[in-house]
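Examination of the molecular architecture
As a plain string of letters, each chain reads:
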Amino acid sequence: MREPTIFELSSNGRTGVIFPEADVPLAELPEKMLRRDLPLPEISEIDVVRHFTHLSHLNYSIDENIYPLGSCTMKYNPRINEETARMPGFIFSHPMQAIETVQGNLVLMYQLQEWLKAISGFHAITLQPAAGAHGEFTGVLIIRAYHRDRNDLKRTKILIPDSAHGTNPASSSMIGMEVLTVPSDARGNVDLAALKKSCDETTAGLMLTNPNTLGLFDENIQQVIDIVHQAGGLVYGDGANLNALMGIIRPADMGIDLMHFNLHKTFSTPHGGGGPGSGPVGVSEALVDFLPEPVVGVIEEAEEDLPPLYGFIKPAKTIGRMKSFQGHFGVLVRAFTYIMMHGAAGLRNASEMAVLNANYLLARLRNTYKVPYDRICMHEFVAEGRWPDAEGIHALDIAKRLIDYNLHPPTNYFPLIVPEALMIEPTETESKQSLDAFVDIMIKIAGEAHSSPELLKNAPHHAPVKRLDEVKAARDLTLCCGRTE
Ligand SMILES: Cc1ncc(COP(=O)(O)O)c(C=O)c1O
């Protein structure tokens, strides 16, 4: 049944506001300020509250149940993050204020840069990029600036493994780089022979997601990096999967030259609705001068016991500004809080538990769902949503049936190198009980796929919106359900 819109709940003359008696002479509003054509709903306060509370229950969030959306790291967002992000000193400050009046904000940004350096091993950090893909875009601009600065103008190609995230080729080609795909080998690693063949004097760099989108750590990572470096290229790390590595290995120590972080994934900022995110980029020493401006730093050393003055520094050969003001400051506060609350040992523990949880799910599901690259995974793994003896059943049907059991489906049809892919990432914040509950339903659905496939083909049965034509929904989106005028 279609949900009524707030306009349909409207009733002439009903109101949710009681204005106080006017204590000034009444005056007519200027006619040009009145929008008499606006069909504003007339509705009481309780009906407004009920309407939106009801709509919120139709949604799904990590606060309700496991959210195993592979590649998205939908971990619990600790409430203390929200408390700190709402502190008056932060929310009432303005980016145009004089730096002397916002030293607290600048210390927070500086300290976050330092912590991200310690976690990753990089030499310097920019906090500006608005999300992971924006970090990639920033990173490829830095790679291009580095080669141009050395007058090495023919390096116009970016190599991208076929197990990479889709944003990698998109970010590279937006900058005008030519994208070459490198295949994976049978174990899900970068194919070394193919990589060698693709590397030459036109290689600007390699964009490497590690762990990759199969959830696998590249077993030949050192050779991969060496091959690209020997050809004169740089290695860009897509650090969106850092949730598997924190406190265990530092990407810069492996020889990666620059990398973005997804603060909204690894460091727990809510991002289910598509943002805002934050995609800081860390760089090695050779790339520091190319960072976007400004970077937060100490601009005046302290006198005796006084704190130093923090401010903005312009890197010598900067690629310019990537975002207005200082990026998504509220996300920075949340990530700062998360890192501070966990400490070094806590971050390592989070990664270890994320890997353990994924391997537990893998172990319990691998006899029911085919896992094409079946080896110890990192924080996620990819299974196939199909069986030779369940004809006509696709990953999409399994995903839709999960909705009937009030579970968010895993990512499906990605990565592209696994047919009918179901990409499952539980994160560290799920308990054994919720992992078991998820597995039990997945096994039940596999049984239904064989015994009553129509249950899957017609799912979801209990959701307010039934099976959609996904192509039409993407091309012809109707956001105002029920509005006729
Ligand atoms: C591996 C990987 N790289 C890049 C991105 C892009 O990040 P964002 O969605 O913040 O732009 C994602 C997003 O989840 C990802 O999983």
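Every chain's residues receive numbers from 1 upward, in the order its sequence appears when written. At least 70 in pLDDT is required for a residue's local features to be given in this predicted model, at least 80 for side-chain atom pairs to be given and counted, and no such filter applies to totals for whole chains, interfaces and linings, which use all residues. In computing side-chain values, all of the structure's heavy atoms are included and hydrogens and water are not.

1. Let's talk about the sheet that holds strand 12 (residues 421-424)
Definition in use: Pairing between strands is defined by DSSP: at least two bridges between the two strands are required. The helix and strand labels rest on DSSP assignments: H or I over at least four residues marks a helix, E over at least two residues marks a strand, and numbering proceeds from the N terminus.
Taking strand neighbours across the sheet as the criterion, the three strands line up as 10-12-11 in an open arrangement whose pairing is antiparallel. Across the chains shown, the open sheet's two edge strands, defined by having one partner strand only, are strand 10 (381-384) and strand 11 (411-412). By the bridge criterion, two bridges tie strand 11 to strand 12 in an arrangement that is antiparallel. The partner of N412 across the bridge, within strand 12, is L422.

2. Let's talk about the pattern of salt bridges
The line we're drawing: We define a salt bridge as a side-chain nitrogen of Lys or Arg found within 4 Å of a carboxyl oxygen belonging to Asp or Glu. For every residue, the accessible area obtained with a 1.4 Å probe (protein chains only) is divided by the maximum for its type, and the residue is called buried under 20%, exposed over 50%, and partly exposed between those limits.
Here the structure, examined in full by the defined rule, presents 26 salt bridges. When the shortest N-O distance is used, the salt bridge between R334 and E82 registers 2.9 Å. One end of the pair, R334, is in helix 10 (residues 329-365); the other, E82, is in helix 2 (residues 79-85), and 252 residues separate them in sequence. An identical accessibility class is assigned to R334 and E82; each is buried. In this structure, the salt-bridge partner of D436 is R364, at a minimum N-O distance of 2.8 Å. In this pair, D436 is assigned in helix 12 (residues 432-451) and R364 in helix 10, connecting sequence segments 72 residues apart. Given a relative accessible area of 29%, R364 falls into the partly exposed group. Sharing partners across several salt bridges, the network here consists of R150, D152, K154 and R155.

3. Quick look at the sheet that holds strand 3 (residues 178-182)
Applied cut-off: Fitted lines through C-alpha atoms give the axes, limited to the stretch in contact for helices. The angle between two N-to-C directions lies from 0 to 180 degrees.
An order of 1-7-6-5-4-2-3 is seen for the seven strands of this open sheet, with the pairing classed as mixed. In this open sheet, the two edge strands, each paired with only one partner strand, are strand 1 (124-126) and strand 3. The sheet shows a mean angle of 25 degrees between the axes of neighbouring strands, taken without regard to direction. Note: strand 6 (residues 258-261) against strand 7 (residues 281-283), three bridges, orientation antiparallel.

4. A look at the packing of helix 11 (residues 395-404) against helix 12
This is how it is decided: In these notes the angle categories are as follows: under 35 degrees is roughly parallel, over 145 is roughly antiparallel, 65 to 115 is roughly perpendicular, and the rest is oblique. Note: crossing handedness is left-handed where the near helix turns anticlockwise from the far helix by less than a right angle, and right-handed where it turns clockwise. Contact definition: two residues touch when any of their heavy atoms are within 4.5 Å. We call Asp, Glu, Lys and Arg charged. Ala, Val, Leu, Ile, Met, Phe, Trp, Tyr, Cys and Pro are nonpolar, and the rest, Gly among them, are polar.
With their axes 10 Å apart at the nearest point, helix 11 and helix 12 run at an angle of 125 degrees to one another. Put simply, helix 11 runs oblique to helix 12. As for the relative orientation of helix 11 and helix 12, their crossing is right-handed in sense. On helix 12, the residues touching I398, R401 and L402 of helix 11 are F438, I441, M442, I445 and E448. Each residue belonging to the contact of helix 11 with helix 12 can be placed in one class, and the counts come to six nonpolar, no polar and two charged.

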